[in-house]
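As a plain string of letters, each chain reads:
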Amino acid sequence: MFHSFRKSFHVVIGAICVLQFFACKDAKKSAPKPTVDFNIPTRADGEADAQTVEMIGRVRNAVGKIDITNVPYMLNSKKAAFYEDQLKRLTGKSRINVLFKYALELLNTGRTNESIDAIQEVLTAATASTANVRPEIIFAIKKQLAIAYMRKAEQDNCIINHNAESCIIPLSPRAQHILTEGSEKAIALLNELLEMNPNDLECQYLLNIAHMTLGSYPQDVPDRFKLPESHFANSSAFPHFTDIAMNLGVDEKEMAGGTCIDDFNGDGYLDILASSWGFEDQIKYFENDRVGGFVDKTLEAGLKGVTGGLNLRHADYNNDGHLDFVILRGAWLSINGGIPNSLMRNNGDGTFTDVTLEAGVYSLNPTQTAVWMDVDLDGWLDLFIANEWNDRNKSYCELYLNQQDGTFKNVAKDAGITVKGFFKGVATGDLNNDLYPDLYLSNYMGLNTLYMNTTKEKGVPSFEKTEESAGVSNPVASFPTWIFDYDNDGFEDIFVSGYSSADILPTEMMLRNLRSNATDYRPLLYKNNGDDTFTEVSLDVNLSEPIATMGCNFGDLDNDGFLDFYLATGDPSYFSIVPNRMFHNVRGEKFEDVTYSAGFGHIQKGHAIGFGDLDMDGDQDIYAVMGGALEGDTFGNLLFENPMGNKNNWINIVLEGIQSNRSAIGAKIVVTIVENGKERKIYHSVGTDSSFGGNSLMEEIGLGNAKKIKKLEIKWPYRSQNTSVFTDVQVNQVIKIKEDGSVQQLRLPKITFNKKEAMHHHDME
């Protein structure tokens, strides 16, 4: 199903189809059906409690039932082994046909040199004097060979000889390639391809990137194919952020995945959870050591063998003061996506237990998106999971109502949530200022859905669809989303970003925009009009460029009190080598692109994003989970240290609900300051924010140059809607506020990160 609407396979599928002149009907009939044998070792006794072991087994059993012939992107090694076995029994033209499929899977597994040899053999056969292959077929095979050499260049340099500046454009001298064979051969092939078809936008774009890696951009790129240098100069001036993940040992090298940035061990400092969607990829837990680094506590936390998950979402669901998290699985896999999610309970002793079965949230629906919220404001967090509908499995969305005893009950249908869609994002926020959380669902296969919470009126958990009257149903092929107050007017707004589609890939989007200012496929920003309607204002606020977004999130980079955001571009195709993007909010009036000046233009695949003050110095750092969808498309995660320091003032606030949920998710904070002689308000809502990312629940609020907080209001998310009010609050401190009005200053000394220069040299498998 997936490949039927994803153009990422367009070169691959096209070449395979046209190579059917090599096909042999007898060989096709005799080909054995591929099977899955994961050979996963039995978990040793004592490494985790029985509940976690039980769920590990269930996840593995579900994975073992997958039909590898009907799974996009994943299980590349298994597919390669299947084709390799076929090749042993084939000769002549039928062998060449299977060889091409094998070559593509070798590339997908990361066995790039072997893939290059196999593609070259296919190309030699296709160009033989007796083959009579159409020119477009030769073009497709050569294009695949070109991207294989591009991938070789990335592996040889950005991965094996990695440094903090690798793969960030515009490429600095330190980021240029030391081993040049991959880029040189890719350039030669791309030049040949552009002679055959000068209008191929992907080849034009890749030619520019390949020359950048060798330091020969722009001078050696033909004028008609050249990316304008002005594009990179257009990035507004902004302080440069540096990736220090490698120095701190948190540069986990896996595929696409999720993250949670928060205090999981209760010491006040923020820790890091990271996942990867590979079925055997280990969940990782890095604990802040409070002296400038992180310690891998995965095994001590009882997480060994807990694997997979394209996304993670955290909260304190049982109000015990310890942050728990849910792992979301099965995304993109349609009828093969029946892989259970996992609810991981924090035991408060440094360990986690998988309580999925005990809690009653076990399901076999494919998903990557969920949100924690208190639907009925009873003081207990509920879990909403937006699933990826398919007609066979009937994967409806799930709303698990907290039963206040550690268990949940799915009440989605009773609550009026019956919409079907291929949902890739869900966001929650209070759009009408009644404190009851509303829901926005981003649908990759159709129109988006807005559910307004009607629990207050009806007395039971309930929602009403209003996207048509609200005017927020686009874009059609959308992906991540969030709800925030971008202009500080007291009404929360909706951000939703599109994704690449069957018609266009990110490289084509980017070139079309550069050459014709085309604004199609841009992210959409819906401004809340305060009357249950919204106005789409993306062009008004300077969001005009198309961006195929996956992971993303928002925060306040410079502590000016206006929320900025980072968009990660994770399209699975190897042809998609486009930069992640950072946008700075200019006083709620417009957004300026600071991608290139601030050092955020990473061209490796980007996924989940988390903002958090990891060194407790008053500004937000950014953790980014990198890597693509294919087994061979791995890359180290990033940690961008914020260089802003104390240019502007700030306050970090930890809220603790008493009647409200302990995490205070859904609470509203209104900060009144006087800046430059004028009074203004700053609005924040407590949550982990973007649908594909995990910010800290500690509210990290920028205050501009205000010397003091004139008034601090907290609207607690409980039925009684209690508000706490404080006046003349000091700035530049970390405080904890309880719902009873008590305030505690948290003495959490600033940390200096251990940033000793490091470069990774490691062998490829």
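Residues numbered from 1 in each chain as written. Predicted model: local features only at pLDDT ≥ 70, side-chain atom pairs only at ≥ 80, totals over all residues. Heavy atoms only, no water.

Chemist: An account of the UniProt feature "domain: ASPIC/UnbV" (unreviewed entry) in the protein chain is requested, with residue identities and associated values reported.
Modeler: The UniProt record annotates "domain: ASPIC/UnbV" (unreviewed entry) at residues 664-735. From the first C-alpha to the last, residues 664-735 spans 15 Å; its make-up is 0% helix and 53% strand. (UniProt positions renumbered as here; feature names shortened; annotations may be inferred. Helix = DSSP H or I, 4+ residues; strand = E, 2+ residues; numbered from the N terminus.)

Chemist: If you had to explain the packing of aromatic side chains to someone new, which residues and values would you point to?
Modeler: By the definition in use, this model includes 34 aromatic pairs. Measuring from ring centre to ring centre gives 5.4 Å for Trp482 and Phe554, while their planes differ by 55°; the resulting arrangement is tilted. With Trp482 in strand E19 (residues 478-484) and Phe554 in strand E23 (residues 552-555), the pair connects residues that are 72 residues apart, well separated along the chain. For the residue pair Trp482 and Phe554, the accessibility class agrees, reading buried in each case. Ring geometry for Phe565 and Phe591: centres 5.0 Å apart, planes at 55°, overall tilted. Here Phe565 is found in strand E24 (residues 564-567), whereas its partner Phe591 is found in strand E26 (residues 590-593), with 26 residues between them in sequence. (Phe/Tyr/Trp six-rings, centres within 6.5 Å; stacked < 30°, edge-to-face > 60°. Buried < 20%, exposed > 50% of the residue type's maximum accessible area, 1.4 Å probe, protein only.)

Chemist: Summarise the state of the cysteines; cite the residues concerned and give the values.
Modeler: By definition, a disulfide links two cysteine residues through a covalent bond between their sulfur atoms. What the rule picks out here adds up to one disulfide. In this structure Cys397 is a free cysteine whose sulfur lies 19 Å from that of Cys552, the closest cysteine sulfur available. Cys552 carries a free sulfur, and the closest cysteine sulfur to it, the one in Cys260, is 15 Å from it. (Disulfide = S-S within 2.5 Å.)

Chemist: How would you summarise the sheet that holds strand E22 (residues 534-536) if you had to cite specific residues and measurements?
Modeler: If you trace the four strands from one edge of the open sheet to the other, you get E19-E20-E21-E22, paired in antiparallel fashion. Each having just a single partner strand, E19 and E22 make up the two edges of the open sheet. The sheet shows a mean angle of 20° between the axes of neighbouring strands, direction not considered. In the sheet, E19 pairs with strand E20 (residues 493-498) via five bridges, with the strands oriented antiparallel. Counterpart to Thr481 in the pairing with E20 is Val496. (Pairing = 2+ DSSP bridges. Axes fitted to C-alpha atoms, helices over the stretch in contact; angles between N-to-C directions.)

Chemist: Pulling in residues and values, what's your account of the side chain of Ser115?
Modeler: With respect to the helices and strands, Ser115 occurs in helix H6 (residues 112-126). Sequence-distant contacts of Ser115, defined by excluding residues within four places in its chain, comprise Ala103, Leu106 and Leu107. (Contact = heavy atoms within 4.5 Å.)

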